[in-house]
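Chain and residue survey
So the chains spell out like this:
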Amino acid sequence: MDAPRQVVNFGPGPAKLPHSVLLEIQKELLDYKGVGISVLEMSHRSSDFAKIINNTENLVRELLCPVEPQNRSKMNIPFRIGNAKGDDALEKRFLDKALELNMLSLKGHRSVGGIRASLYNAVTIEDVQKLAAFMKKFLEMHQL
């Protein structure tokens, strides 16, 4: 039997936990990474997660973030590709390729367009790393 298709939903709504996360939680439920406390006792936004988020945000800013730094969210990262108002064709290519890679719900809000990654609880460190790697590759491929 084929393995179930894995998708990553970057939308702000509820999402399922990936199988790898469930296995990791099971393994580290009582002693997360050998630190002596349960995953239930620590913040879901640990320093490791924060570093990855910050690196991803910096990458997004290279693309173009239309939000002033003082108004930026840690959970929602909107950005444009190509120029400050976005290049519709490039953004469509980005979203189409993301969909091929099972990254869902990256399309920006219908009133402003662009691209938006929502990094809520169901999005894992691995998901953010996958998105960051894809973004970097996309930048390089299109010489942006």
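Refer to the preceding data block for the structure.
Residues numbered from 1 in each chain as written. Predicted model: local features only at pLDDT ≥ 70, side-chain atom pairs only at ≥ 80, totals over all residues. Heavy atoms only, no water.

Using the criterion set out here, one finds three salt bridges in the structure. Among the ionic pairs, Asp 96 bridges to Lys 92, the shortest N-O distance being 2.8 Å. One end of the pair is Asp 96 and the other is Lys 92, both in helix 3 (residues 88-100) and four residues apart, which spans about a single turn. Judged by relative accessible area, which is 36%, Asp 96 ranks as partly exposed. (Salt bridge = Lys/Arg side-chain N within 4 Å of Asp/Glu carboxyl O. Helix = DSSP H or I, 4+ residues; strand = E, 2+ residues; numbered from the N terminus. Buried < 20%, exposed > 50% of the residue type's maximum accessible area, 1.4 Å probe, protein only.)

Before going further, it helps to spend a moment on the packing of helix 3 against helix 4 (residues 125-141). Running from N to C, helix 3 and helix 4 point in directions that differ by 140°, and their axes come no closer than 11 Å. With respect to each other, helix 3 and helix 4 are oriented oblique. In terms of crossing hand, the pair formed by helix 3 and helix 4 is right-handed. On helix 4, the residues touching Leu 90, Arg 93, Phe 94, Lys 97 and Ala 98 of helix 3 are Phe 134, Met 135 and Phe 138. Its residues assigned to classes, the contact of helix 3 with helix 4 comprises six nonpolar, no polar and two charged. (Axes fitted to C-alpha atoms, helices over the stretch in contact; angles between N-to-C directions. Parallel < 35°, antiparallel > 145°, perpendicular 65-115°, else oblique. Left-handed = near helix turned anticlockwise from the far one by under 90°. Contact = heavy atoms within 4.5 Å. Nonpolar A, V, L, I, M, F, W, Y, C, P; charged D, E, K, R; others polar.)

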